[in-house]
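Breakdown of the fold
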Amino acid sequence: SIKEEGEFQWTPLAIVQSIAIFCLAGIAEIFGGYLVWAAIKGLRVEKTESEANVNNTSANGAVDGTSSSGYDIVKKPWWFALIGSVVLVAYGFIPCLQPSAATDGFARIYAAYGGFFIVMSFLIGWALEGPSAKPDVGDLVGGLISVVGALVIVFWPRR
């Protein structure tokens, strides 16, 4: 059927914009959350072989504890949490930029974004934390399923 004038239609440009906005939202949410996490919970820092039996303090933060898995937990300064909080507030506005926001609404936009967020969390987390956060086969399969689900949610023909 012919769409009413002014009704949203997916175009190649709108698709590229939508995916870019999902990625921007993911980057903001993940990095904002990462900064808060780094200050509150600390980050896994792999021990070198010479550090394996010695509890050292990092120049970037205090060693909060050790792990039998070959890494220390290093907390970042309080201002990481402050910056992360500002980034998370900015993240809250990004999904409003979705080209289909007027017709899809909050629920559909955020549900679809979730699929992108899952995959981006694995990839960015792996880049930030290194080998200790490398996705396994289950992570990759689950991530693929989530992205396919997100694409179905966004691009399914609606009446």
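First, a word on what this report is: a plain description of the structure on this page.

Considering the packing of aromatic side chains
Under the counting rule described, the total for this entry stands at eight aromatic pairs. Aromatic pair Phe22 and Tyr113: ring centres 6.4 Å apart, planes at 20°, arrangement stacked. Here Phe22 is found in helix α1 (residues 12-40), whereas its partner Tyr113 is found in helix α3 (residues 101-129), with 91 residues between them in sequence. Since its relative accessible area comes to 5%, Tyr113 is described here as buried. Ring centres 4.4 Å apart and planes at 35° place the aromatic pair Phe106 and Tyr110 in the tilted group. Here Phe106 pairs with Tyr110, and both are found in helix α3, just four residues apart, close to one helical turn. The structure contains a cluster of three or more aromatic residues connected by ring pairs, namely Phe22, Tyr91, Tyr113, Phe116 and Phe117. The ring of Tyr71 has Arg44 lying over it, and the distance from NZ or CZ to the ring centre is 5.6 Å.

Re the nonpolar core
Core analysis: the largest hydrophobic core is formed by 12 residues, namely Ile21, Phe22, Ala25, Ala28, Tyr91, Ile94, Ile109, Ala112, Tyr113, Phe116, Ala150 and Val154. Those elements that place two or more of their residues in this core are α1, α3 and α4 (137-155). Non-local contacts of Ile21, meaning those with residues more than four positions away in its chain, are made with Ile94, Pro95, Leu97, Gln98 and Pro99. If you look at the next biggest cluster of nonpolar residues, it comprises six residues, including Ala38, Ala39, Phe80 and Ala81.

Looking at helix α2 (residues 78-93)
Within the span of α2, buried status applies to Phe80, Ala81, Gly84 and Tyr91. Buried residues in α2, looked at end-on, bunch into an arc of 90°, giving them a common side. Away from its buried face, by an angle of more than 90 degrees, α2 presents the exposed residues Trp78, Val86, Val89 and Phe93.

Concerning the pattern of salt bridges
Evaluation of the coordinates by the stated rule reveals two salt bridges. For Arg44, the salt bridge is made with Glu129, and the minimal N-O distance between the two is 3.0 Å. Note that Arg44 is positioned in strand β1 (residues 43-46) and Glu129 in helix α3, a separation of 85 residues in sequence. Judged by relative accessible area, which is 23%, Glu129 ranks as partly exposed. Residue Asp104 is joined to Arg108 by a salt bridge in which the shortest nitrogen-to-oxygen separation is 3.4 Å. Here the residue Asp104 and the residue Arg108 both occupy positions in helix α3, the gap between them amounting to four residues, near one helical turn. Using a relative accessible area of 15% as the deciding quantity, one classes Asp104 as buried.

A few points about the side chain of Ser100
By secondary structure assignment, the location of Ser100 is in the loop between α2 and α3. A distance of 2.7 Å separates the side chain of Ser100 from the side chain of Asp104, its partner in a polar contact. Those residues in contact with Ser100 that sit more than four places away from it in its chain are Phe8, Trp10, Gly105 and Ile109.

Quick word on the packing of α3 against α4
Running from N to C, α3 and α4 point in directions that differ by 155°, and their axes come no closer than 8 Å. With respect to α4, the axis of α3 lies roughly antiparallel. In this structure, α3 crosses over α4, and the sense of that crossing is left-handed. Contacts from Arg108, Ala111, Ala112, Gly115, Phe116, Ile118, Val119 and Phe122 of α3 reach α4 at Asp139, Gly143, Ser146, Val147, Ala150, Leu151, Ile153 and Val154.

Conventions and cut-offs
- Residues numbered from 1 in each chain as written.
- Predicted model: local features only at pLDDT ≥ 70, side-chain atom pairs only at ≥ 80, totals over all residues.
- Heavy atoms only, no water.
- Phe/Tyr/Trp six-rings, centres within 6.5 Å; stacked < 30°, edge-to-face > 60°.
- Helix = DSSP H or I, 4+ residues; strand = E, 2+ residues; numbered from the N terminus.
- Buried < 20%, exposed > 50% of the residue type's maximum accessible area, 1.4 Å probe, protein only.
- Lys NZ or Arg CZ within 6 Å of the ring centre and 35° of its normal.
- Core = buried A, V, L, I, M, F, W, Y, C linked by side-chain atoms within 4.5 Å.
- Contact = heavy atoms within 4.5 Å.
- Arc of directions from axis to C-beta.
- Salt bridge = Lys/Arg side-chain N within 4 Å of Asp/Glu carboxyl O.
- Polar contact = N/O pair within 3.5 Å; in protein donor to acceptor, adjacent residues only side chain to side chain.
- Axes fitted to C-alpha atoms, helices over the stretch in contact; angles between N-to-C directions.
- Parallel < 35°, antiparallel > 145°, perpendicular 65-115°, else oblique.
- Left-handed = near helix turned anticlockwise from the far one by under 90°.

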